[in-house]
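Given next are the chains, with one letter for each unit.
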Amino acid sequence: MADRYLNFTGTAPGRFLTKRLGLPQPAPLRRFSPGHPTLDGELLHVTAGTSAYEKELGALLAGTGPDVVRASERPGAVVVDATGVADVAALGEVHAALHPVVRSVAAGGRVVVLGAPPSADDHHQAAVQQGLEGFVRSLGKEIGRGRTVNLVRVAGPVAGAESTLRFLLSPKSAYVSGQVVEVAGGESELPAPENWDRPLAGRTALITGAARGIGRAVAETLVRDGAEVVLLDVPSAADDLKKVAEPLGGRALPLDITADDAGERIAAFVPDGLDVLVHNAGITRDRRLANMPAERWSSVLEVNLASVLRTTDTLLDAGAVRRGGAVVATASIAGIAGNAGQTNYAASKAGIVGLVRSLAPRALAEHGVTVNAVAPGFIETKMTAAVPLFIREAGRRMNSLAQGGLPVDVAETTSWFASPGSGAVNGQVVRVCGQSLLGA
């Protein structure tokens with residue numbers, strides 16, 4: 001559904017009127033396209049404190065696309081290496097590095113701060129590294145003009161952060177802001193992609209709920225990035241599923257994901273195994289708790305959470321998700337912040353967060369598989385188009401980018417998680433919400 005307010009604010013009368021009234025002035029977001037795959041402008045690389053990654057980081061950033069410089073009048077992106085910040089004085093160097101340039105970052109640009117995990121043994125270092133989180137979230141809320149700000153915490157070799165930096169420093173992350181991503185570093189089960197333009201080449205992905213909306217966008221994006229796809233949805237959507245699968249060269253699997261034997265039937269359908277399992281299927285049955293019958297509660301929990309738990313367990317135990325593979329589940333900001341009338345939905349999506357945090361370290365250790373989740377905010381779909389006007393407008397404007405996201409924004413984040421280059425990214429829940437004002 002078209003965002004008429006966003007279009008209006010792009011006109012001269014719209015800019016004048018909204019400025020006079022103090023209304024949000026969202027900037028159109030430039031998303032990835034094959035003809036324009038990188039950000040505009042140079043990549044400014046600055047350091048706060050003493051970095052252990054000086055040489056390696058410079059070489060890594062040189063592969064992300066833009067020219068890497070130490071000074072720029074109008075950078076398209078800024079990377080601040082604050083991994084060596086260990087006291088309040090060094091934290092001041094983050095301010096000193098960004099204060100002179102933050103106004104000049106190009107519209108739609110990126111600011112990425114690299115930090116280190118807060119230390120359990122040094123409370124001074126822990127205090128200032130945690131301080132970076134508040135700094136990044138606050139800057140994301142004030143920087144404006146379609147620009148985003150994120151924090152990447154690096155533990156171990158910085159090479160493990162390459163996939164994450166490529167994502168955050170590209171148009172693919174247009175609706176991801178105010179996020180903290182922890183990168184473990186070290187060796188992945190698979191080598192980095194030979195071709196970063198098609199990082200999923202040779203990999204097979206299964207996407208649930210793929211007949212429409214976000215699921216369809218995920219399938220299209222994974223195919224663009226080289227994957228072969230299996231599309232799963234309920235039998236009643238079989239015709240739509242085939243229409244999506246055929247132009248993608250994918251296979252359709254009409255199947256009720258809540259069936260007790262769904263995991264076994266998926267494993268039988270892909271006897272050679274999967275590399276990527278995307279849990280996207282989900283439903284809502286909204287009603288305030290006092291008015292919610294048991295069926296509305298149980299149906300949402302069954303589709304959104306119980307089926308995810310069952311099929312993931314079955315496929316991992318059977319070895320159907322190959323080593324070096326990835327499980328990507330769909331949470332929601334409703335599960336993080338709560339939402340009136342959605343106790344069932346919020347419980348199910350918070351459950352996905354719990355699943356990821358508990359399963360991720362064990363799945364990596366036992367099966368060589370990463371487990372992460374995307375948590376969408378207000379995404380422009382047929383579902384949100386049916387929301388009453390004023391509630392819909394509030395959902396669109398109550399984030400730092402002052403607009404709704406698109407299904408492709410969730411898909412791009414899913415593809416980043418699914419990449420073999422993201423093997424050091426595990427147990428993460430990344431909100432795709434334009435830095436919604438709801439939740440942490």
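Everything here concerns the structure above.
Along each chain, residue indices are assigned from 1 in the same order as the chain's sequence is written. Local features are withheld for residues below a pLDDT of 70 in this predicted model, meaning they are given only at 70 or higher, and side-chain atom pairs are given and counted only at 80 or more; totals for whole chains, interfaces and linings count all residues. As a rule here, side-chain values come from all non-hydrogen atoms in the structure, and water together with hydrogens is ignored.

**Student:** Describe the pairing of strand β5 (residues 148–154), listing the residues and the values that go with them.
**Tutor:** Each residue is placed in one exposure class: buried if its accessible area under a 1.4 Å probe, protein chains only, is under 20% of its type's maximum, exposed if it is over 50%, and partly exposed if it falls in between. Helix numbering and strand numbering both begin at the N terminus, where a helix is a DSSP run of H or I of at least 4 residues and a strand a DSSP run of E of at least 2. Burial within β5 is extensive, with 7 of its 7 residues counted as buried. Burial of the side chains of β5 extends over both faces: T148, N150, V152 and V154 are buried on one face and V149, L151 and R153 on the other. Bridging between strand β4 (residues 110–115) and β5 involves 6 bridges; their strand directions are parallel. Note that in β5 the partner of G115 across the bridge is R153. Following the chain from β4 across helix α5 (residues 123–142) to the adjacent parallel β5, one finds a crossover that is right-handed. Here a strand pair is declared whenever DSSP counts at least two bridges between the two strands. Where β5 meets strand β6 (residues 180–183), 4 bridges bridge the pair, whose relative direction is parallel. We call a crossover right-handed when, viewed with both strands directed away from the observer, the connection leading from the first strand over the helix to the second proceeds clockwise.

**Student:** An account of the packing of aromatic side chains is requested, with residue identities and associated values reported.
**Tutor:** Only Phe, Tyr and Trp rings take part, Trp by its six-membered ring, and two of them pair if their centres are within 6.5 Å. Stacked means planes under 30 degrees apart, edge-to-face means over 60, and tilted covers everything else. Across all of its chains, the model carries 2 aromatic pairs by this definition. Ring plane angle 20 degrees and centroid distance 4.5 Å describe the contact between W416 and F417, whose orientation is recorded as stacked. On the basis of relative accessible area, W416 is assigned to the buried category, the value being 4%. Residue classification places F417 among the buried residues on the basis of a relative accessible area of 1%. These aromatic residues form a ring-pair network of at least three members: F167, W416 and F417. Both a distance and an angle decide whether a charge sits over a ring: NZ of Lys or CZ of Arg must be within 6 Å of the ring centre and within 35 degrees of the ring normal. Positioned over the ring face of F32 is K172, at 4.9 Å from the centre of the ring.

**Student:** Describe in detail the sheet that holds strand β10 (residues 274–279), supporting the description with residues and values.
**Tutor:** Pairing between the strands of a sheet comes from backbone hydrogen bonds, and it takes one of two forms, parallel or antiparallel. Spatially, the 7 strands line up as an open sheet ordered β9-β8-β7-β10-β11-β12-β13, and their pairing is parallel. Only two strands of the sheet have a single neighbouring strand rather than two, namely β9 (251–254) and β13 (429–432). Across the sheet, the mean angle separating the axes of adjacent strands is 20 degrees when strand polarity is ignored. Here strand β7 (residues 204–208) runs beside strand β8 (residues 228–233); their pairing, made up of 5 bridges, is parallel. Across the sheet, the residue bridging to I207 is L231, located in β8. Against the sheet, helix α12 (residues 343–367) contacts β11 (321–330), β12 (370–376) and β13, and its axis sits at roughly 160 degrees relative to β12. The angle between two axes is taken between their N-to-C directions and runs from 0 to 180 degrees, where each axis is a line fitted to C-alpha atoms and a helix contributes only its stretch in contact. A contact between two residues is defined here by any heavy atoms of the two lying within 4.5 Å.

**Student:** Help me get a handle on helix α10 (residues 294–317), residues and values and all.
**Tutor:** Two axes define the bend at a residue: one fitted to the seven residues ending there, one fitted to the seven starting there, and the bend is the angle between them. Along α10, the helix axis deviates most sharply at E302, where the bend reaches about 45 degrees. Residues of α10 that are buried include every one of S299, V300, L301, V303, N304, L305, S307, V308, T311, T312, L315 and L316, and no others. Packing partners of the buried residues in α10 comprise α9 (262–269), β10, β11 and α12.

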